Amino acid sequence: TNAPPLDWTRCFFRRLLPDLPAVMHRHYTLDVAAPLLRTQGYVDGRWISAASVFPVLDPATGQELARVSDCGPGEAKQAVDAAYKAFQSWKGTTAKERSLLLRKWHDLMMLHKEDLAKLITFECGKTMRESIGEVMYSSSFLEWFSEEARRMYGDIVPSPFKDRKILQLKQPVGVASIITPWNFPSAMITRKVGAALAAGCTVVVKPAEDTPLSALALAELAEQAGIPAGVFNVVPSSREKTPSVGHVLCTDPLVAKISFTGSTATGKVLLKLAADTVKRASMELGGHAPFIVFDSADVDKAVAGAIASKFRNSGQTCVCANRFFVQSGIYDLFLEKLGQAMDSELRLGHGSDPETTQGPLINVRAAEKVVNQVSDAVSLGAKVLRGGKRLEGSFMEPTLLADVTTDMLCTREETFGPLLPVVRFNTEEEALAIANASNVGLAGYFYSQDVSQIWRVAEALEVGMVGINEGIISTSEALFGGVKQSGLGREGSNHGINEYVEVKYMCFGGLKL
Ligand code: NAP
């Protein structure tokens, strides 16, 4: 009765595609120290089983890594109740106490960074180098918010009345529901939870079905760090149970806040659910990042930035450059150098193989989406300069398309895969118009050495984050968030903690001064 449902799509494709690279038939073992390989939910400081389990698969090979408790609405409610109970005491701890616990949690992540990285590589497919990078990035939010906890200042406002003093006090909102995607199985949790716990909130985390192991390892380390029972809860669930778990997390009256990272479509569903009880909401949603290369750019730097921004995590980050606009004067040179760089720098394989730079996509559906965008572009006149084919399972060749136009699917929707489509443009106005013709606006990038143009374009791009002559911009010190349908609120930075606080006005009257 505990048998996990088989993912037939994955299995079928593994058998159907004949030109499978030999590396995919090797057996890769996830060897991680036992306490970090947790498979039960974590509620109120206890590891809990559910009525059934679901499998976690290695997206590179389809091999099963573990079977994880499939928590449903009952477990979600238990977690909310535990978080609410724990909130009553956690909110009374001093900022310094919370700060020290977060710092301890960060230190434990550093101590176990290799194992945490292996979990990420095996459940999400990214290379070990990127997974180590994610663990560093992820833990940096615990460190950053351990510092921010002690700087949650309110205000004393100059009063217009002689007998009154005006204070504005920051207080934690309460229980926060945290729903996260598979593409950063660790960092998307700490970016939210670090801020929430620092502010004095307690949390219930629902990780993605594909990647619950990193979330559960974080729970193990939270416990080791001494985070009190009920403050940090994790309810893993299968895709079948997710809507009912999400319903509890977004509608229960004891939940004060929801914070979600994932697709714009899911974000809208959750916002509607949260509306009935008027919960605070932070939404980090999909992107469709433009990457503009002007004639004045340093072409080599633009090529390096394009490779870094496009092919990180095989193109599966919300801030990955998605649409490339290159000015006519350097269009041919840029394409030539980019093709050469792709040939020499990109290598497909299992993420745990040290030579690999490109792992698989998260599942077959993701690879099909990319191939569909390639066929659509080719049918409308685009040229394939590199790649273009789907390989075994969810592997996809890094692909470079030239002569792309703005009516093609790949310039109209987020790809979330290793496809680099290049559109030629003539003027700055034209580039800005096509870059801004999108209903989302998360990140945007451009390369130029003209200072006036840099100011003009950076201000005019309709996005929440701009990389100027830089393809990788995320860091805990700087804010993260988008405009338009890319979301609501900001994470990281000095702004992130404000997503978890209410500001209360206190008026002290009748004073004899
Ligand atoms: P997704 O399908 O929206 O899933 C994200 C999370 O939401 C998963 O945990 C998923 O659970 C859960 N979920 C789905 N339906 C739900 C429901 N009805 N109730 C409660 N939870 C629900 O997104 P994805 O495809 O995994 O992630 C890729 C998207 O995320 C891309 O669009 C990307 O741009 C965006 N993203 C944005 C950021 C950012 O910071 N802006 C960062 C990373 C990714 P299951 O896994 O169980 O379905």
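All residue numbers refer to position in the chain's written sequence, counted from 1. Given that this is a predicted model, residues contribute local features only at a pLDDT of at least 70 and side-chain atom pairs are listed and counted only at 80 or more, while totals for whole chains, interfaces and linings are drawn from all residues. To obtain the side-chain values, all non-hydrogen atoms of the structure were included, while hydrogens and water were left out.

(A) Main features of the site of the ligand. One heavy atom within 4 Å of a molecule or strand is enough for the residue carrying it to be called near that molecule or strand. Taken together, 30 residues form the shell around the ligand, and within it Thr180, Thr242, Ser263, Leu285 and Glu414 come nearest. Any pair of nitrogen or oxygen atoms within 3.5 Å is treated as a polar contact; in protein, a donor-acceptor pairing is required on top of that, and neighbouring residues in sequence qualify only through side-chain atoms on both sides. One of the backbone nitrogen or oxygen atoms of Glu209 is found 2.9 Å away from an oxygen atom of the ligand. Between a nitrogen atom of the ligand and a main-chain N or O atom of Glu284, the distance comes to 3.4 Å. For the ligand, whose accessible area on its own is 910 Å², the fraction buried by protein is 88%. Elements are defined by DSSP. Helices are runs of H or I of four residues or more, strands are runs of E of two residues or more, and each kind is numbered from the N terminus. Of all elements in the fold, only α6 (187–199), α8 (242–251), β10 (255–261) and α9 (264–275) reach the threshold of two or more residues within the shell around the ligand. Residue polarity is assigned by list, with Asp, Glu, Lys and Arg as charged and Ala, Val, Leu, Ile, Met, Phe, Trp, Tyr, Cys and Pro as nonpolar; anything else, Gly included, falls into the polar class. The residue makeup of the shell around the ligand, split by class, is 14 nonpolar, ten polar and six charged. Here the shell around the ligand gathers at least three residues from each of two domains, domain 1 (41–285 + 489–502) and domain 2 (290–475). Computed by Shrake-Rupley with a 1.4 Å probe, the accessible areas treat only the displayed protein chains as cover when residues are assessed. An automatic or database domain assignment provides the domain bounds reported here.

(B) Quick look at the domain arrangement of the chain. Assigned domains within the chain: domain 1 (41–285 + 489–502) and domain 2 (290–475). Relative placement of domain 1 and domain 2: their C-alpha centres are 31 Å apart. As used here, buried area is the combined drop in accessible area, with a 1.4 Å probe, of two parts when they are placed together. Across the domain 1/domain 2 interface, buried area totals approximately 1,800 Å², and carbon plus sulfur atoms make up 60% of it. A per-residue breakdown of the area domain 1 buries against domain 2 is headed by Ala60, Thr127 and Trp182, which together make up 25% of the total.

(C) Structural context of the environment of Ser138. Residue placement: Ser138 occurs in helix α5 (residues 128–148). For the exposure calls, accessible area comes from a 1.4 Å probe over protein chains only, and a residue counts as buried if that area is under 20% of its type's maximum, exposed if over 50%, partly exposed in between. Ser138 gets classed as buried once you look at its relative accessible area, which sits at 0%. The spacing of Ser138 and Ala222 is 84 residues in sequence and 14 Å in space, taken between C-alpha atoms.

(D) Structural detail: the sheet that holds strand β6 (residues 165–172). A pair of strands is considered paired only if DSSP assigns at least 2 bridges between the two. Strand order in the open sheet formed by three strands is β5-β6-β22, and the pairing between neighbours is antiparallel. A strand with exactly one partner marks an edge of an open sheet, and here the two such strands are β5 (155–157) and β22 (501–508). Between one strand axis and the next, the sheet turns by 25° as a mean value, whatever way the strands run. As judged from the three bridges shared by β5 and β6, these two strands associate in the antiparallel manner. Within the sheet, the bridge partner assigned to Asp155 lies in β6 and is Gln168. Lines fitted to C-alpha atoms define the axes, with helix axes restricted to the stretch in contact, and inter-axis angles between N-to-C directions lie between 0 and 180 degrees.

(E) Seen up close, the packing of helix α3 (residues 95–111) against α5. Packing of α3 against α5 leaves a shortest axis separation of 8 Å and a crossing angle of 165°. The angle between the axes of α3 and α5 places the two elements in the roughly antiparallel class. Judged by the twist between their axes, the crossing of α3 over α5 is left-handed. Contact residues: Ser99, Leu102, Arg103, Trp105, His106, Met109 and Met110 in α3; Val135, Met136, Ser138, Ser139, Ser140, Leu142, Glu143, Phe145, Ser146 and Glu147 in α5. The residue inventory of the contact of α3 with α5, partitioned by class, reads eight nonpolar, six polar and three charged. Angle categories are assigned with fixed cut-offs, so that under 35 degrees is roughly parallel, over 145 is roughly antiparallel, 65 to 115 is roughly perpendicular, and the rest are oblique. Left-handed describes a crossing whose near helix is turned anticlockwise from the far helix through less than a right angle; right-handed describes the clockwise counterpart. Contacts are assigned to residue pairs that have any heavy atoms within 4.5 Å of one another.

(F) Structural view of the packing of aromatic side chains. Stacked, tilted and edge-to-face pairs are distinguished by plane angle, under 30 degrees for stacked and over 60 for edge-to-face with tilted covering the rest, among Phe, Tyr and Trp rings (Trp via its six-membered ring) whose centres lie within 6.5 Å. Tallied over the entire structure, the rule returns nine aromatic pairs. Taking 4.7 Å as the distance between ring centres and 50° as the angle between the ring planes, the aromatic pair formed by Tyr42 and Trp47 counts as tilted. Neither Tyr42 nor Trp47 differs from the other in exposure class; each is buried. A ring pair is formed by Trp105 and Phe232, whose centres lie 5.0 Å apart and whose planes are at 70°; its orientation type is edge-to-face. Within this pair, whereas Trp105 is found in helix α3, its partner Phe232 is found in strand β9 (residues 232–234), the two being separated by 127 residues in sequence. No difference in accessibility class separates Trp105 from Phe232, as the two residues are buried. Taken together, the ring pairs in this structure connect Phe291, Phe324, Tyr445 and Tyr447 into an aromatic cluster. Geometrically, a lysine NZ or arginine CZ counts as sitting over a ring once it is within 6 Å of the ring centre and also within 35 degrees of the ring normal. In this arrangement the basic side chain of Arg164 is found over the ring face of Phe161, its NZ or CZ atom lying 4.0 Å from the centre. Note that Arg191 overlies the ring of Phe480, its terminal NZ or CZ placed 3.8 Å from the centroid.

(G) Region of interest: the sheet that holds strand β13 (residues 321–327). Judged by pairing direction, the sheet is mixed, and its seven strands sit side by side in the order β14-β15-β16-β13-β12-β18-β19 without closing on themselves. Strands with a single pairing partner mark the edges of an open sheet, and in this sheet they are β14 (383–386) and β19 (465–468). Going from strand to strand, the sheet's axes swing by 25° on average, the running direction of each strand aside.

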